[in-house]
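Chain and residue survey
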Amino acid sequence: MSSSNVRPRRGNPRISPTAYATAAAWARYGFAEAEAFDTCRGRGMLAALQLGTGLLSPFVPAVAAGPELLRWRHAAFSNWVAAQTPRLAIEIGAGLSTRGQAYARAHPDMHWYDLDLPGMVATRRRRSAGRSPPPNHDLAEGDLFDPNLGASIARPEHGPVVAVTEGVVDYLDRAAKRQAWANVAALLRRLGGGRYLAEVYPLRRFLEHGPAARAARAWTTRAHATLCYDDTDMVALLIAAGFARARILPDAEVAEWADLSRVPALPFSLLEAET
């Protein structure tokens, strides 16, 4: 089915509990400026996550590294962006991440856009009251399912363009992934071409975690039909969505961006695509 036949959809306008929990994790692990969005609610949710992973760890040892995975993934995305030396960077579904404003502050010769739904944008602006963002950072409304995603963003005169979605597309089913990726690819083509980074949870990695993980996978598939596709299939889907090239980043390569010593196994793959 072509992406043009997929009915446009709207993202979830609510602020998810995981957004607050991940913001608390980023603050705890010392990511730049992350204290701006650290909340009591987020710290409570993070504590609950740590308790839950601790209880499950005898059955699925890898889940004990859940909070560490949040740390590793965020660092890997940040370091990937830095390695591209972008003139323009766009984080879609940025949530409560301060990566963009911190990177923009440290690199005044580039521009960073954080895009998210109106509710998240309003929450961020309210939480940021009294803080001055760098002049080369913009927070704006943007829906991953909007064919006109990022329409107000101007094409840079020169230099690399990158887009990232961290912790966003792994919740989407196959048709929604293709629709979202088609919109990202169209945005990058309009901006003169660029690279994109996302993560997905492939079946191959999920089954490495034993019977309990397989049971959890069966439940999530029935309930959501969103996770655990084969990673090579996701490469093909990215190309079908309009990217010229896509690849799974090998573990040896991603290990250069963040310390994997406290992460026993990665349950997800990082996918890089280019228009």
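Residues numbered from 1 in each chain as written. Predicted model: local features only at pLDDT ≥ 70, side-chain atom pairs only at ≥ 80, totals over all residues. Heavy atoms only, no water.

Let us look at the sheet that holds strand β4 (residues 161-165). Pairing within the open sheet is mixed, and its seven strands lie in the order β3-β2-β1-β4-β5-β7-β6. The outermost strands of the open sheet, each flanked by one partner alone, are β3 (137-141) and β6 (245-248). Sheet twist, expressed as the mean angle between neighbouring strand axes with direction ignored, is 20°. Pairing geometry for strand β1 (residues 88-92) and strand β2 (residues 111-116), over five bridges, is parallel. Within β2, the position partnered with Leu88 by the bridge is His111. Taken strand by strand, helix α5 (residues 118-127) contacts β2 and β3, and its axis lies near 140° from that of β3. In the packing of helix α6 (residues 174-190) onto the sheet, the strands contacted are β1, β4, β5 (195-200) and β7 (269-274), and the crossing angle to β5 comes to about 160°. (Pairing = 2+ DSSP bridges. Helix = DSSP H or I, 4+ residues; strand = E, 2+ residues; numbered from the N terminus. Axes fitted to C-alpha atoms, helices over the stretch in contact; angles between N-to-C directions. Contact = heavy atoms within 4.5 Å.)

Moving on, we get to the side chain of Gln84. In this fold, Gln84 is placed in helix α3 (residues 66-84). Accessibility expressed as a relative area gives 12% for Gln84, which makes it buried. (Buried < 20%, exposed > 50% of the residue type's maximum accessible area, 1.4 Å probe, protein only.)

This paragraph deals with α6. The end-to-end C-alpha distance of α6, which contains 17 residues, comes to 24 Å, matching closely the 24 Å that a straight helix rising 1.5 Å per residue would cover. Where α6 begins, the capping side chain belongs to Asp173, and its oxygen is found 3.3 Å from the backbone nitrogen of Ala175. At the C-terminal side of α6, Gly192 shows a positive phi close to 100°. (Expected span 1.5 Å × (residues − 1). Polar contact = N/O pair within 3.5 Å; in protein donor to acceptor, adjacent residues only side chain to side chain.)

Under the criterion given, the structure shown has three aromatic pairs. Ring geometry for Trp72 versus Phe268: centroids 5.9 Å apart, planes at 40°, classification tilted. Pair noted here: Trp72 is in helix α3 and Phe268 is in the loop between α10 (251-254) and β7, with a separation of 196 residues, a long-range link. Taking relative accessible area as the criterion, Trp72 reaches 2% and is therefore assigned buried. Here Tyr103 and Trp112 contribute two aromatic rings whose centre-to-centre distance is 5.7 Å and whose plane-to-plane angle is 50°, an arrangement assigned as tilted. Residue Tyr103 shares its accessibility class with Trp112, and that shared class is buried. A cation over an aromatic ring shows up here: Arg41 above the ring of Tyr20, its NZ or CZ 4.6 Å from the ring centre. (Phe/Tyr/Trp six-rings, centres within 6.5 Å; stacked < 30°, edge-to-face > 60°. Lys NZ or Arg CZ within 6 Å of the ring centre and 35° of its normal.)

What follows covers the side chain of Arg99. Mapped onto the fold, Arg99 is located in helix α4 (residues 99-106). Classification of Arg99 by relative accessible area gives buried; the value is 7%. In contact with Arg99, other than residues within four places in its own chain, are His74, Phe77, Ser78, Glu91, Trp112 and Glu166.

Our focus in this paragraph is the confidence of the model for the chain. With 79% of its residues at a pLDDT of 70 or more, the chain has an overall mean of 83. In this model residues 1-9 is a low-confidence stretch, pLDDT under 50, and it forms 14 contacts with partners more than four residues away in sequence or in other chains. (pLDDT = per-residue confidence, 0-100.)

What follows concerns unusual backbone geometry. Of note, the phi angle at Glu33 is positive, near 65°, even though the residue is not glycine. Within the element layout of this structure, Glu33 appears in the loop between α1 (17-28) and α2 (40-56). With phi around 40°, Thr85 is a residue other than glycine that occupies positive phi space. Within the element layout of this structure, Thr85 appears in the loop between α3 and β1.

Here Ala176 lies in helix α6. Exposure remark for Ala176: the relative accessible area of 2% places this residue in the buried category. Linking Ala176 and Leu144, residues 32 residues apart in sequence, is a C-alpha distance of 9.7 Å.

Turning to the pattern of salt bridges, a few remarks are in order. In the structure shown here, the tally under the stated rule is twelve salt bridges. Among the ionic pairs, Asp38 bridges to Arg43, the shortest N-O distance being 3.1 Å. Using a relative accessible area of 22% as the deciding quantity, one classes Asp38 as partly exposed. A salt bridge links Arg195 to Glu274; its shortest N-O distance comes to 3.5 Å. Of this pair, Arg195 sits in strand β5 while Glu274 sits in strand β7, placing them 79 residues apart in sequence. We classify Glu274 as partly exposed; its relative accessible area is 24%. (Salt bridge = Lys/Arg side-chain N within 4 Å of Asp/Glu carboxyl O.)

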